[in-house]
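Coordinate analysis (summary)
Single-letter residue listing:
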Amino acid sequence: NVKRWSKNVPGKDIFDLDKICFPIHTLGHWVCAVAYMQERQIHFYDSLGSDGMDYLKNIMQYIKDEHKDKKKTPVPNEH
């Protein structure tokens, strides 16, 4: 359950952070996604070249859920 992930974040607010790194173990190797919170961007890094779209969708859903839980509103200016 990811609801507790932000429990140890200073200030308990991931939206005050500059970035969040998500190390991800895939089929046989590691990849990394980085959410640049102030720029409102998520980048995916994979040395084998996958686009990581499924992982990015899950991370975006986590960010939306966290915003709704902590801020009591949807993510603003969602596209």
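Anything mentioned here points back to the structure above.
Quick notes on the rules
- Residues numbered from 1 in each chain as written.
- Predicted model: local features only at pLDDT ≥ 70, side-chain atom pairs only at ≥ 80, totals over all residues.
- Heavy atoms only, no water.
- Helix = DSSP H or I, 4+ residues; strand = E, 2+ residues; numbered from the N terminus.
- Expected span 1.5 Å × (residues − 1).
- Buried < 20%, exposed > 50% of the residue type's maximum accessible area, 1.4 Å probe, protein only.
- Arc of directions from axis to C-beta.
- Contact = heavy atoms within 4.5 Å.
- Phe/Tyr/Trp six-rings, centres within 6.5 Å; stacked < 30°, edge-to-face > 60°.

Focus: helix α1 (residues 53-71)
The periodicity of an α-helix, 3.6 residues per turn, causes residues three or four places apart in sequence to face the same way. With 19 residues, α1 extends 26 Å from end C-alpha to end C-alpha; this agrees with the ideal 27 Å at 1.5 Å per step. Those residues of α1 that fall on the buried side of the exposure criterion are L56, I59, Y62, I63, E66 and H67. Projected down its long axis, α1 shows its buried positions confined to an angular sector of 135°, all on one face. Seen from the buried face of α1, the exposed residues on the opposite side, beyond 90 degrees, are D54, K57, N58 and K68. Looking at the buried side of α1, the elements it contacts are β1 (19-25), β2 (30-36) and β3 (41-45).

Overview of the packing of aromatic side chains
Per the stated rule, a full pass over the model turns up 2 aromatic pairs. Measuring from ring centre to ring centre gives 6.4 Å for F22 and Y62, while their planes differ by 80°; the resulting arrangement is edge-to-face. Note that F22 is positioned in strand β1 and Y62 in helix α1, a separation of 40 residues in sequence. The class for Y62 is buried, based on a relative accessible area of 9%. Note on F44 and Y55: the rings are 6.0 Å apart at their centroids and 5° apart in plane angle, and the pair reads as stacked. Here F44 is found in strand β3, whereas its partner Y55 is found in helix α1, with 11 residues between them in sequence.

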